[in-house]
Amino acid sequence: MSGFHLERSGSGTRLSLPDADVTVLSSHEHTGGAYELMLVEAPRLGEPPPLHAESWAKTYHLLRGRIRVHVDGASCDLAPGDSLDIAAGTMNTFSVLTANAVFLLVSAGTAMSGFFSDLAGVLREQHAQAELPPLLAGRHDIRFGEGSGSS
């Protein structure tokens, strides 16, 4: 890792996921493994992503739109400029409340971009949605909650 890394607007690895388009702005290679930074552009969907808990801490920072983050049995509505920190191991998911939302997602360590990259690859292999939680939980340190297709 050199002393700096510049990511120009419109560059970065872009991943198409079921609930959002994610652009990796700062990967673990750029931060010495300390954290990762992603730009998330999410449309309003009928169902939120499955309830899950990762082995890494993360922070949502909302830039545009409104989202509701479901965390540990509670809900927090975020408006532009709001940030929410979630500890590692905490069950969470999010819903978009407006037509779309744009937010930054910061994660501790090196695992989140690998999970998102794997998810995008698995989707290209055309697995059924119900197959995804058990398949991905086995590859990454993620637990899925009730009703997410995991056992």
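If you're wondering where the values come from, they're calculated on a predicted model, not measured in any experiment.

S.K.: Just give me the short version of the pairing of strand β9 (residues 92-96), but keep the residues and values in it.
M.R.: The side chains of a regular strand alternate, residue by residue, between the two faces of the sheet. With five of five residues buried, β9 lies mostly within the body of the structure. Of the two faces of β9, the one lined by Asn92, Phe94 and Val96 and the one lined by Thr93 and Ser95 are each fully buried. Two strands pair when backbone bridges link them, and strand β6 (residues 67-71) and β9 are joined in this way by five bridges, in the antiparallel orientation. Within β9, the residue paired with Ile67 across the bridge is Val96.

S.K.: I'd like a rundown of the sheet that holds strand β3 (residues 35-43), residues and numbers included.
M.R.: The antiparallel open sheet is built from six strands, whose spatial order is β1-β2-β3-β10-β5-β8. Whereas interior strands pair on both sides, the edge strands pair on one side only; in this sheet they are β1 (13-16) and β8 (83-86). Along the sheet, successive strands turn relative to each other by an average axial angle of 20°, direction set aside. Where strand β2 (residues 21-26) and β3 come together, five bridges link them in antiparallel fashion. Residue Val22 lies in a different strand from β3, and its bridge partner there is Val40.

S.K.: Tell me about unusual backbone geometry, residues and numbers included.
M.R.: Unusually for a residue other than glycine, Asp72 sits at a positive phi of about 50°. You can see Asp72 is positioned in the loop between β6 and β7 (74-78).

S.K.: Which residues make up the confidence of the model for the protein, and what values go with them?
M.R.: Parts of the prediction with low pLDDT should not have their coordinates interpreted in detail. Scored by pLDDT, the protein comes out at a mean of 86, with 89% of its residues at no less than 70. Helix α3 (residues 132-139) is the least confidently modelled element of the protein, averaging 72 in pLDDT, while β8 averages 98, the highest of any element. The low-confidence segment residues 147-151, where pLDDT is below 50, has nine contacts with residues more than four positions distant or belonging to other chains.

S.K.: Give me the lowdown on the pattern of salt bridges, citing residues and values where you can.
M.R.: Scanning the entire structure with this criterion turns up four salt bridges. In this structure, Asp21 and Arg14 form a salt bridge, with 3.3 Å as the shortest nitrogen-oxygen distance. Looking at Asp21, the relative accessible area reads 25%, which means it is partly exposed. The partly exposed category is assigned to Arg14, whose relative accessible area is 48%.

S.K.: Tell me about the pairing of β3, and name the residues and values.
M.R.: Relative to strand β10 (residues 100-108), β3 is paired through nine bridges, and the arrangement is antiparallel. Its bridge partner being in β10, Tyr35 is matched across the sheet by Ala108.

S.K.: Pulling in residues and values, what's your account of the packing of aromatic side chains?
M.R.: Inspection of the entire model under this criterion finds four aromatic pairs. With centroids separated by 5.3 Å and ring planes inclined at 50°, the aromatic side chains of Tyr60 and Phe103 adopt a geometry described as tilted. With Tyr60 in strand β5 (residues 58-64) and Phe103 in strand β10, this residue pair connects regions lying 43 residues apart in the sequence. Each member of the pair, Tyr60 as well as Phe103, carries the same accessibility label: buried. For the pair Phe94 and Phe103, a centre-to-centre distance of 5.3 Å together with 80° between the ring planes defines the contact as edge-to-face. An identical accessibility class is assigned to Phe94 and Phe103; each is buried. Linked through ring pairs, Tyr60, Phe94 and Phe103 together constitute an aromatic cluster.

S.K.: Could you give me a rundown of the nonpolar core, with the residues and numbers involved?
M.R.: As a rule of thumb, nonpolar side chains are buried together in soluble globular proteins. Within the largest apolar cluster, 32 residues are counted, with the highest numbers of intra-cluster contacts made by Tyr60, Ile67, Val69, Phe103 and Phe116. Top element by residues in this core is helix α2 (residues 111-124). It accounts for six residues. Residues within four places of Phe116 in sequence aside, it is in contact with Leu15, Leu17, Val22, Met38 and Leu105.

Conventions used here
- Residues numbered from 1 in each chain as written.
- Predicted model: local features only at pLDDT ≥ 70, side-chain atom pairs only at ≥ 80, totals over all residues.
- Heavy atoms only, no water.
- Buried < 20%, exposed > 50% of the residue type's maximum accessible area, 1.4 Å probe, protein only.
- Helix = DSSP H or I, 4+ residues; strand = E, 2+ residues; numbered from the N terminus.
- Pairing = 2+ DSSP bridges.
- Axes fitted to C-alpha atoms, helices over the stretch in contact; angles between N-to-C directions.
- pLDDT = per-residue confidence, 0-100.
- Contact = heavy atoms within 4.5 Å.
- Salt bridge = Lys/Arg side-chain N within 4 Å of Asp/Glu carboxyl O.
- Phe/Tyr/Trp six-rings, centres within 6.5 Å; stacked < 30°, edge-to-face > 60°.
- Core = buried A, V, L, I, M, F, W, Y, C linked by side-chain atoms within 4.5 Å.

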